[in-house]
Amino acid sequence: LNIHKREDVIGENETAWDNRIRIQKYVYLADYFNIDLGYTNTYSMYLYGPYSPILAEKYYELAENGFFDSNPSSTSTTSYPNLNRFIECMKGKDTAWLEIASTALSFAECHNSIATLIKHVALVKYKHSEEKIKAVINDLKELSLLTVKQ
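Residues numbered from 1 in each chain as written. Predicted model: local features only at pLDDT ≥ 70, side-chain atom pairs only at ≥ 80, totals over all residues. Heavy atoms only, no water.

1. Examining the pattern of salt bridges
Within this structure, the stated rule accounts for 9 salt bridges. Note that Lys58 is salt-bridged to Glu61, the shortest N-O span being 3.6 Å. Pair noted here: Lys58 and Glu61 are both in helix H3 (residues 53–64), with a separation of 3 residues, about one helical turn. On the basis of relative accessibility, which here comes to 33%, the residue Lys58 falls in the partly exposed class. One salt-bridge network, held together by shared partners, links Arg6, Glu7 and Glu64. (Salt bridge = Lys/Arg side-chain N within 4 Å of Asp/Glu carboxyl O. Helix = DSSP H or I, 4+ residues; strand = E, 2+ residues; numbered from the N terminus. Buried < 20%, exposed > 50% of the residue type's maximum accessible area, 1.4 Å probe, protein only.)

2. With respect to unusual backbone geometry
Look at Asn34: it is not a glycine, yet its phi comes out positive at around 60 degrees. Note that Asn34 resides in the loop between helix H2 (14–30) and strand S1 (44–46). On the accessibility criterion, Asn34 (67% relative accessible area) is exposed. Phi at Ser144 is positive, roughly 60 degrees, even though this residue is not glycine.

3. Section: helix H6 (residues 114–124)
Within H6 the residues assigned to the buried category are Ile114, Leu117, Ile118 and Val121. Viewed end-on, H6 has its buried residues packed into an arc of 100 degrees, placing them on one side of the element. Of the exposed residues in H6, those oriented more than 90 degrees away from the buried face are Lys119 and Leu123. The inward-facing, buried residues of H6 contact helix H5 (95–108) and helix H7 (130–142). (Arc of directions from axis to C-beta. Contact = heavy atoms within 4.5 Å.)

4. Focus: the packing of H2 against H5
Look at H2 against H5: their axes get within 9 Å of each other, and the N-to-C directions meet at 40 degrees. By the angle class used here, H2 and H5 are oblique. Here H2 and H5 pass one another in a crossing that is left-handed. Contacts between H2 and H5 involve Asp18, Ile21, Arg22, Lys25, Tyr26, Tyr28 and Leu29 from the former and Thr95, Trp97, Leu98, Glu99, Ala101, Ser102, Leu105 and Ser106 from the latter. Here the residues of the contact of H2 with H5 sort into 8 nonpolar, 3 polar and 4 charged. (Axes fitted to C-alpha atoms, helices over the stretch in contact; angles between N-to-C directions. Parallel < 35°, antiparallel > 145°, perpendicular 65-115°, else oblique. Left-handed = near helix turned anticlockwise from the far one by under 90°. Nonpolar A, V, L, I, M, F, W, Y, C, P; charged D, E, K, R; others polar.)

This is the structure we're talking about:
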């Protein structure tokens with residue numbers, strides 16, 4: 001995330017839009033690393049994958065109150081034992097990867113095979129290639145986040 005001031009979250013520019021999508025996906029994916037940030041049952045499917053309006057309200061509120069204008073201290077990893085693994089796994093992941101990954105995980109419980117999951121994600125995420133979707137799903141399997149059978 002590239003957040004240094006409130007406009008980086010609530011501004012009407014491409015950077016702020018991308019940051020909002022990334023915040024939504026990071027918090028959603030954190031659940032799969034057993035990092036409960038309190039938004040588990042607040043998501044529904046939206047244009048860019050799972051979306052929590054309650055989480056959106058929170059980061060808008062934080063931005064309005066100057067939270068992003070300061071340099072907040074980092075979260076203690078003792079509160080979240082899997083936080084370092086989560087951070088390491090998310091390094092270098094672009095917004096498209098986060099969008100596809102969160103969507104695939106959201107749909108995974110409805111599918112009994114990777115092939116049907118790929119088709120479902122490709123149908124919804126038509127702007128992304130099937131190859132990109134397969135690569136993300138393969139990453140999720142390698143991270144042991146996806147348990148759908150072949």
